[in-house]
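Observations on chain architecture
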Amino acid sequence: MDTTTDNSIKRKPRLSKKERKTLKREYSKSSSISISTKCNVEDPMKRYVEIPIPEQPSRELLNNKGSTKASGEDLECGSAGGKTLGKWFPNALLIKCSVNFTNTGNLLTNGQIKDLDESKLKNPRASLALFYQYTEKTKKWSPHKVKILMTYLSTIANKRNIGGRIRVAQEGVNATLSAVDMPTENGLTAFETLRHVVQDLKNFDSVFEETDFKFIDDLPADRHFKELRVIPVEELVFYGIREEDAACGEGGVHLDAKDYHEMLKKENAVVIDVRNHYEAVIGRFDGQEKANVLSSNDSKESSNLEGKRGGAEYIDPKMRKSTDFTQWLAKDETKGKLKNKTVLMFCTGGIRCERASAYLKKELGDQVEGVYQLQGGIERYLQAFPDGGFWRGKNFVFDKREAVSALDKDGDGGVIRKQHEKEKVKTQNEDDLPAKCCVCNKKWDRYVGKKKCYTCGVPVLMCEKCMSLKPDKTKGMELKVRCPLCVEQNITVPASEVEFTENGVRSKKFDDVDDNEKKRKAADSVLKWGGGHAKNKKLQKIAKERLCHFGKECMRKNCIFAHPERGEN
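Here the structure is a predicted model, which is why all the values come from computation and not from measurement.

Attention shifts here to the overall build of the protein. Each helix and strand counted, the protein has 18 helices and 17 strands in total. Pairs at least 24 residues apart make up 72% of the contacts formed inside the protein by residues separated by at least 6 positions.

Set out below in structure tokens:
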């Protein structure tokens, strides 16, 4: 095996915090470009119109906190123009887009769009902007500023027809935003719109000057979200790790795609997939192992090298959710695999590596030979390596593209079209990827139909034929609808029967059961927070449809049955 790779890669000197910030700022300015080559816009900021930053939060946000300013008429910003997302996210905002397109190209509007230009309805295009930004540890936003930002984002969404999801916290933001070409006489293109949003954010806070904005342009119009959800959270990516134990600014060394590619060639290295297992089954960074083995087998010494691994060893922690990371890292087996190795980490866009790499450095420290993470995540790597590089399979994304590959930036999202599936070209041998239908075990790599694991709630792969059989709704076939982890761990208890904490960790109450129950195994965690309460909510809904047997004599203040005399339905 060729060992010249290790000698050619010298360890980079440790940069100071100030130097790292400067380097990141310069990199973000140079790399925040579109992967599109079709958008011919000379100056996307030429038609930019600044949107004033509100001085006070909207009345929706004030009212949700019990403010005495019920009307909000004295506020400059007034209403945010959206609605909240109900009991799950009472302080979140939802703003409907004024213009959308279906996957067949039909225009959908809110009825308030004027001056439609028929010529712009022929081939409208959409754009995406993916980014995250942490504030400095000593300069976190106040709760009041977070509310003002939410109000500002609501205003931007209304004026610029922005869709997507953005999580907002005192520590920063994590966003997936979309725009579509406006089919009006002087309407902006999606390309222009998202650049204007970026400038809006920079006007709000200079911290966004350091942000690595990833733009994906010239997408089908139906990739635009129909609404923008602005969700306030305590932590952008929940690991259950305190800020003082693993600050995001103290994580691994950020490497751009090309440097990361070179590091993947190292033999005494491991590459950790910080994503969930259901994402890893359809795509991963293990091409470096196979590429090096193939090149070695072509040499004269191939007979002696057969079966040997090449490049960084790929490791999948097999997590259902990010909170499983700390448990995985605490295992002796994990520590043994990482000892004295160069540790590389990656995720979809980079944000999950920030806290994870900081925690790994704190826990293992000198036991590893450096910790590195992929700047901009898989998205940035596939932009730098259009042929896929060492990436194999698809990158699961949290937008309407569903999953993207090296030669398919539009993604799989939408209805299954047999002709489209036949036209797709496989650039690499991906037959050994573990992606398959959970029912028939046929090769399948599309998450369609919103099918969830019966025992832990994570998305599962189910082919078109098996979906027509509805195994998840057929008595006796429910256990067929399980994720690979639950099958491997022999999990048989339905998630709906187990009590979980608010963070999706199994309650200890489940351990206090009889011997017959202990023969059945429950998952340690579920993907959806608060899992296990859905069954109770369904029963309460059914109960509300029945009159209380005691009627007016009922002494229960919160009786689950209906009481018409109390004004309850």
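Another point: the sheet that holds strand S13 (residues 342-346). Two pairing modes exist for strands in a sheet, parallel and antiparallel, and in both the strands are linked by backbone hydrogen bonds. Judged by pairing direction, the sheet is parallel, and its five strands sit side by side in the order S9-S14-S13-S10-S12 without closing on themselves. Sheet topology places strand S9 (253-255) and strand S12 (313-315) at the edges, where each strand pairs with a single neighbour. In this sheet, adjacent strand axes meet at a mean angle of 30° when their direction is disregarded. Two elements, S13 and strand S14 (residues 371-374), share three bridges in a ladder whose sense is parallel.

On to the environment of Pro-484, then. Within the element layout of this structure, Pro-484 appears in helix H16 (residues 484-488). In the structure, Pro-484 is positioned 206 residues away from Tyr-278 in sequence and 8.2 Å away in space, judged by C-alpha atoms.

By secondary structure assignment, the location of Ile-272 is in strand S10 (residues 269-273). With relative accessibility at 0%, the residue Ile-272 sits in the buried group. Sequence-wise, Ile-272 and Gln-373 are 101 residues apart; in three dimensions their C-alpha atoms are separated by 9.4 Å.

On to the sheet that holds strand S8 (residues 227-232). The sheet built from six strands is open, its strands ordered S1-S8-S5-S6-S4-S7 with mixed pairing. For this open sheet the edge positions go to strand S1 (93-96) and strand S7 (214-220), each flanked by a neighbour on one side alone. Neighbour-to-neighbour, the strand axes of this sheet turn through a mean angle of 10°, independent of strand direction. Contacting S1, strand S5 (163-169), strand S6 (172-180) and S8, helix H4 (residues 143-160) crosses the sheet at an angle of about 170° to S5. Its contacts with the sheet place helix H5 (residues 190-204) against strand S4 (125-134), S6 and S7, and it is angled at close to 20° to S4.

Right, let's talk about the pairing of S10 for a bit. Summarising burial for S10: five of the five residues are buried, a large majority. Bridge analysis of S10 against S13 gives five bridges, and the strand direction is parallel. In the sheet register, Ile-272 faces S13, and the bridge partner there is Met-345. Pairing between S10 and S12: three bridges, direction parallel. From the neighbouring strand, Val-271 faces S12, where its bridge partner is Tyr-314.

Take the pattern of salt bridges next. With the rule as written, the count across this model stands at 24 salt bridges. Note that Arg-47 is salt-bridged to Glu-192, the shortest N-O span being 2.8 Å. Of the two residues, Arg-47 sits in the loop between helix H2 (17-31) and helix H3 (59-64) while Glu-192 sits in helix H5, which places them 145 residues apart along the sequence. With its nearest N and O atoms 3.3 Å apart, the salt bridge here joins Arg-223 to Asp-222. Residue Arg-223 shares its accessibility class with Asp-222, and that shared class is buried. Each of the salt bridges in this network shares a partner with another, and the network as a whole consists of Lys-96, Glu-227 and Arg-229.

Let us now look at the packing of aromatic side chains. Evaluated as defined, the whole model comprises 18 aromatic pairs. Arranged with centres 6.2 Å apart and planes meeting at 85°, the rings of Tyr-278 and Tyr-447 form a pair that is edge-to-face. Here Tyr-278, found in helix H7 (residues 277-280), pairs with Tyr-447, found in the loop between helix H14 (418-423) and helix H15 (464-467); they are 169 residues apart in sequence, far enough to count as distant. Overall, Tyr-278 belongs to the buried group, its relative accessible area being 8%. Look at Phe-325 and Trp-328: their rings are 5.8 Å apart centre to centre, the planes differ by 40°, and that puts the pair in the tilted class. Taken together, the residues span about one helical turn, with Phe-325 and Trp-328 both in helix H10 (residues 325-330) at a distance of three residues. On the basis of relative accessibility, which here comes to 0%, the residue Phe-325 falls in the buried class. An aromatic cluster of at least three residues, connected via ring pairs, comprises Tyr-260, Phe-285, Phe-346, Tyr-381, Phe-385 and Trp-391. Above the ring of Phe-191, the side-chain terminus of Arg-195 is found at 3.8 Å from the ring centroid.

So, how was this worked out
Residues numbered from 1 in each chain as written. Predicted model: local features only at pLDDT ≥ 70, side-chain atom pairs only at ≥ 80, totals over all residues. Heavy atoms only, no water. Helix = DSSP H or I, 4+ residues; strand = E, 2+ residues; numbered from the N terminus. Contact = heavy atoms within 4.5 Å. Pairing = 2+ DSSP bridges. Axes fitted to C-alpha atoms, helices over the stretch in contact; angles between N-to-C directions. Buried < 20%, exposed > 50% of the residue type's maximum accessible area, 1.4 Å probe, protein only. Salt bridge = Lys/Arg side-chain N within 4 Å of Asp/Glu carboxyl O. Phe/Tyr/Trp six-rings, centres within 6.5 Å; stacked < 30°, edge-to-face > 60°. Lys NZ or Arg CZ within 6 Å of the ring centre and 35° of its normal.

Functional significance is not addressed by these values, which are geometric in nature.
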